[in-house]
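A closer look at the structure
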Amino acid sequence: MTEATDPPRPRRARPEPAPRVRMSGAQRREQLITTGRQLFAERGYDGTSVEEVAARAKVSKPVVYEHFGGKEGLYAVVVDREVRALLDRITAALTAGHPRELLEQAALALLDYIEEEPHGFRVLVLQAPVLAPAGTFSSVMNDVAHQVEHILGAEFTSRGLDPKFAELYSQALVGMVALVGQWWREARKPKKEMVAAHLVNLAWNGLSHLEAKPGLITRKTR
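Residues numbered from 1 in each chain as written. Predicted model: local features only at pLDDT ≥ 70, side-chain atom pairs only at ≥ 80, totals over all residues. Heavy atoms only, no water.

Observations concerning empty space enclosed by the protein
Counted under the stated rule, the structure contains 2 cavities of 30 Å³ or more. There is about 280 Å³ of room inside the largest cavity. Around the largest cavity, the lining is made up of 26 residues, and of these Leu103, Ala106, Val148, Leu173 and Val177 lie nearest the centre. At the level of elements, α5 (99-116), α7 (137-158), α8 (166-187) and α9 (192-207) are the ones that each hand at least two residues to the lining of the largest cavity. Ranked by residues supplied to the lining of the largest cavity, first place goes to α7 with 7 residues. (1 Å grid on protein atoms, 1.4 Å probe; cavity = no way out; pocket = protein on both sides within 12 Å on 5 of 7 lines; lining within 4 Å. Points joined across faces, edges and corners; volume = space filled by probe spheres on them. Helix = DSSP H or I, 4+ residues; strand = E, 2+ residues; numbered from the N terminus.)

Let's talk about the packing of aromatic side chains
Between two aromatic rings, the relevant description is the distance of the centres plus the angle of the planes. A full pass over the atoms with the stated rule returns 5 aromatic pairs. With a centroid separation of 5.1 Å and an interplanar angle of 90 degrees, the aromatic rings of Phe40 and Tyr75 are classed as edge-to-face. Placement of the pair is Phe40 in helix α1 (residues 25-43) and Tyr75 in helix α4 (residues 71-93), with a sequence separation of 35 residues. Assessed through its relative accessible area of 1%, Phe40 is described here as buried. Judged by its relative accessible area of 5%, Tyr75 is buried. Plain terms: the ring middles of Tyr113 and Phe121 are 6.4 Å apart, the flat faces sit at 75 degrees to each other, and that makes the pair edge-to-face. Judged by relative accessible area, Tyr113 falls into the buried class, the value being 1%. When its relative accessible area of 0% is taken as the criterion, Phe121 is described as buried. Site record: aromatic cluster; members linked through ring pairs are Phe40, Tyr45 and Tyr75. (Phe/Tyr/Trp six-rings, centres within 6.5 Å; stacked < 30°, edge-to-face > 60°. Buried < 20%, exposed > 50% of the residue type's maximum accessible area, 1.4 Å probe, protein only.)

Observations regarding α5
Between the first and last C-alpha of α5 there are 26 Å, a value that for 18 residues agrees with the 26 Å anticipated at 1.5 Å per step. Within α5 the residues assigned to the buried category are Pro99, Leu102, Leu103, Ala106, Ala107, Ala109, Leu110, Leu111, Tyr113 and Ile114. On its buried face, α5 is in contact with α4, α6 (118-125), α7, α8 and α9. (Expected span 1.5 Å × (residues − 1). Contact = heavy atoms within 4.5 Å.)

What to know about the pattern of salt bridges
Evaluation of the coordinates by the stated rule reveals 13 salt bridges. One salt bridge connects Glu82 with Arg37, and the closest N-O pair in it is separated by 2.6 Å. Of this pair, Glu82 sits in helix α4 while Arg37 sits in helix α1; the two residues are 45 residues apart in sequence, bridging distant segments of the chain. A residue is classified by how much of its surface remains accessible, and Glu82, at 7% relative accessible area, is buried. Close ionic contact of Glu51 with Lys61 constitutes a salt bridge, the shortest N to O distance being 3.0 Å. Within this pair, whereas Glu51 is found in helix α2 (residues 50-57), its partner Lys61 is found in helix α3 (residues 61-68), the two being separated by 10 residues in sequence. (Salt bridge = Lys/Arg side-chain N within 4 Å of Asp/Glu carboxyl O.)

Focus on the environment of Val78
Its location among the elements puts Val78 in helix α4. In sequence terms Val78 and Gln38 are 40 residues apart; their C-alpha atoms lie 9.8 Å from each other. Once residues within four sequence positions are removed from consideration, Val78 is found in contact with Ile33, Gly36, Arg37, Phe40 and Val123.

A look at the confidence of the model for the protein chain
For the protein chain, the mean per-residue pLDDT works out to 82, and 84% of the residues sit at or above 70. At the low end of the mean pLDDT range in the protein chain sits α7, at 78; at the high end sits α2, at 96. (pLDDT = per-residue confidence, 0-100.)

Topic: unusual backbone geometry
In this structure, Pro190 follows Lys189 across a cis peptide bond, with omega equal to 0 degrees. The phi dihedral of Arg188 is positive, around 60 degrees, even though this residue is not glycine. With respect to the helices and strands, the residue Arg188 is situated in the loop between α8 and α9. Using a relative accessible area of 36% as the deciding quantity, one classes Arg188 as partly exposed.

Have a look at this one:
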């Protein structure tokens, strides 16, 4: 008499791997831009290589060269996008009619960008390569200063001050906000709104008591 044996268990079919979705050229380009943005923010231009971009994006080096011609091309695209994004934010924020409100809006727009786009801001403030196209943080702030110059020029005229110095004051104001913004990116305190309030307090209360012909106490002005 033979012993009863259990029927053989049916083998479970192994699930087939999901088919790999092939990116379109536009999708691959966007992926590489995002990857490059992260690496440039983390390591700077000099510390980033095409090999690292390709490895993180899980593509071959020729793919990066095909889309951008090399690291310089990718960097130029990343910076250009950040420049336009920051300028668009500031331009869109300047909606008020009163100059003090405009100062508040400009300061908050920059601080919002620093808070919400830390990678993008870091790309702009890190040292750019010598041969890179215009698009460093200083050039962006220069563009913003030109917008502020028109606001200040009208304000100077209404107060009986010489509008030809509006450019100088706009550079000073924007530079002040930009430097404080870089400091706040690391400090993260006080709160963003408090930082903007103190910036506007210094800028506005200083502007509201401008002398028509300022001079120096320690050295004669010509």
